[in-house]
Amino acid sequence: MTFPHPLMAPVIELALKAGEAILPFWRIGTAVTAKADDSPVTAADLAAHHLILDGLTALDPSIPVLSEEDANIPQSVRAGWQRWWLVDPLDGTKEFISGSEEFTVNIALIEEGRVVFGVVSMPTNGRFYVGGAGLGAWRGDQGAEALPIQVREIPAAGEAFTVVASRRHSSPEQERLLAGLSASLGELQLANIGSSLKFCLLAEGAADCYPRLAPTSQWDTAAAQGVLEGAGGEVLDLSGKPFCYPARESLLNEFFLALPAKAAWREKLLELARS
């Protein structure tokens, strides 16, 4: 199919190729080393990083790349960027190491701190998600035509309100928020899943809300935020402002809330998040 942004199709192809480069390491296992912040990195992360870096540079050498595996770029340099790629070559490294299929390749195009579009691919099954605000969102499965996806504003009849949670990360603030949501909206169903797939569940209407009151980095979220925004969702900081990616010194994100843009319970969620 023809996508509305000229760089979408080649970036989808690149994300899928990075997934193919990752898979052999997942099947046979790979050595794990620790980065300076004690987060794990494997040969698969690095193989995907180099493939994506070369591919994006070939697409347009004027657009710089900020990747998790090459993030030591001074803020003074990044402050001059108007447009850049934000990449996580292997999101969900801990899931990858444990043998889970819940890891992804994330590539986002950023312009003046806002996501233009993002691509999320799943190496184990060849599935991809792509989308951007004002552009639409699609899910593609191996051998099939990509189909448009859309958030749901309310759960389907007979279904519980579904909140997406991290399999490995929570916080006291997040637990209080979930308790408040349950008191306001009834019993919650929790969908625990790794990596950026949390946003994608919302984007395809399989869940209702993803509050994240625990640490993430910019490359963890940008690509999937693009998918969600294209599907009619939004990502907000706790003040209710659109979530963005300024070229600040720290590459850690603030807390955020991901939800359908027209959700009737939007203000209640923000109230609970601030309390």
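Residues numbered from 1 in each chain as written. Predicted model: local features only at pLDDT ≥ 70, side-chain atom pairs only at ≥ 80, totals over all residues. Heavy atoms only, no water.

*Asks:* Give me the lowdown on the state of the cysteines, citing residues and values where you can.
*Replies:* What we call a disulfide is simply a covalent bond connecting the sulfur atoms of a pair of cysteines. In this structure the tally under the stated criterion is zero disulfides. As a non-bridged cysteine, Cys 200 has Cys 209 as the owner of its nearest cysteine sulfur, 16 Å distant. In this structure Cys 244 is a free cysteine whose sulfur lies 20 Å from that of Cys 209, the closest cysteine sulfur available. (Disulfide = S-S within 2.5 Å.)

*Asks:* Could you give an account of the UniProt feature "binding site: Mg(2+) 2" (unreviewed entry) in the protein chain, naming the residues involved and the relevant values?
*Replies:* UniProt tags Asp 88, Asp 91 and Asp 220 as "binding site: Mg(2+) 2" (unreviewed entry). A maximum C-alpha distance of 6.6 Å is found for the annotated residues, which run over 133 residues; spatially they form one tight group. Following the sequence through the fold, Asp 88 ends up in strand 4 (residues 83–91). Given a relative accessible area of 1%, Asp 88 falls into the buried group. The contact partners of Asp 88, leaving out residues within four places of it in the chain, are Glu 68, Thr 104, Val 105, Asn 106, Trp 219 and Asp 220. Mapped onto the secondary structure, Asp 91 falls in strand 4. (UniProt positions renumbered as here; feature names shortened; annotations may be inferred. Helix = DSSP H or I, 4+ residues; strand = E, 2+ residues; numbered from the N terminus. Buried < 20%, exposed > 50% of the residue type's maximum accessible area, 1.4 Å probe, protein only. Contact = heavy atoms within 4.5 Å.)

*Asks:* Could you give me a rundown of the nonpolar core, with the residues and numbers involved?
*Replies:* Among the nonpolar cores identified, the biggest contains 39 residues, and Leu 66, Ile 110, Phe 199 and Leu 228 are the most heavily contacted of them. Excluding residues within four positions of it along the chain, Ile 110 makes contact with Gln 82, Arg 83, Trp 84, Leu 86, Val 115, Val 116, Ala 222 and Tyr 245. Counting residues in each nonpolar core, the second largest holds 30 residues, with Leu 14, Leu 56, Ile 63 and Leu 109 among its members. (Core = buried A, V, L, I, M, F, W, Y, C linked by side-chain atoms within 4.5 Å.)

*Asks:* I'd like a description of the UniProt feature "binding site: Mg(2+) 1" (unreviewed entry) in the protein chain, backed by residues and values.
*Replies:* Within this numbering scheme, the UniProt entry marks Glu 68, Asp 88 and Leu 90 as carrying the feature "binding site: Mg(2+) 1" (unreviewed entry). The named residues occupy 23 residues along the chain; their greatest pairwise C-alpha distance, 8.9 Å, places them in one compact cluster. With relative accessibility at 18%, the residue Glu 68 sits in the buried group. Here Leu 90 is to be found in strand 4. Ignoring anything within four residues of it in the chain, the contact list for Leu 90 reads Ile 22, Thr 42, Ala 44, Asp 45, Glu 68, Phe 96, Phe 103 and Thr 104.

*Asks:* Outline the packing of aromatic side chains, supporting the account with residue identities and numerical values.
*Replies:* A complete count under the given rule lists eleven aromatic pairs for this structure. When the centroid spacing of 5.1 Å and the interplanar angle of 90° are considered together, the rings of Phe 96 and Phe 103 count as edge-to-face. In this structure Phe 103 comes out as buried when scored by relative accessible area, which is 0%. Here the aromatic residues Phe 199, Tyr 210, Phe 243, Tyr 245 and Phe 256 are joined through ring pairs into a cluster of three or more. (Phe/Tyr/Trp six-rings, centres within 6.5 Å; stacked < 30°, edge-to-face > 60°.)

*Asks:* Pulling in residues and values, what's your account of the sheet that holds strand 4?
*Replies:* If you trace the seven strands from one edge of the open sheet to the other, you get 3-4-5-6-7-8-9, paired in mixed fashion. Only two strands of the sheet have a single neighbouring strand rather than two, namely strand 3 (65–67) and strand 9 (147–148). Its contacts with the sheet put helix 2 (residues 43–59) on strand 3, strand 4 and strand 5 (104–111), and the angle it makes with strand 4 is roughly 155°. Across the sheet, helix 7 (residues 218–230) is in contact with strand 3, strand 4, strand 5, strand 6 (114–122), strand 7 (127–132) and strand 8 (136–140); its angle to strand 6 comes to roughly 100°. (Pairing = 2+ DSSP bridges. Axes fitted to C-alpha atoms, helices over the stretch in contact; angles between N-to-C directions.)

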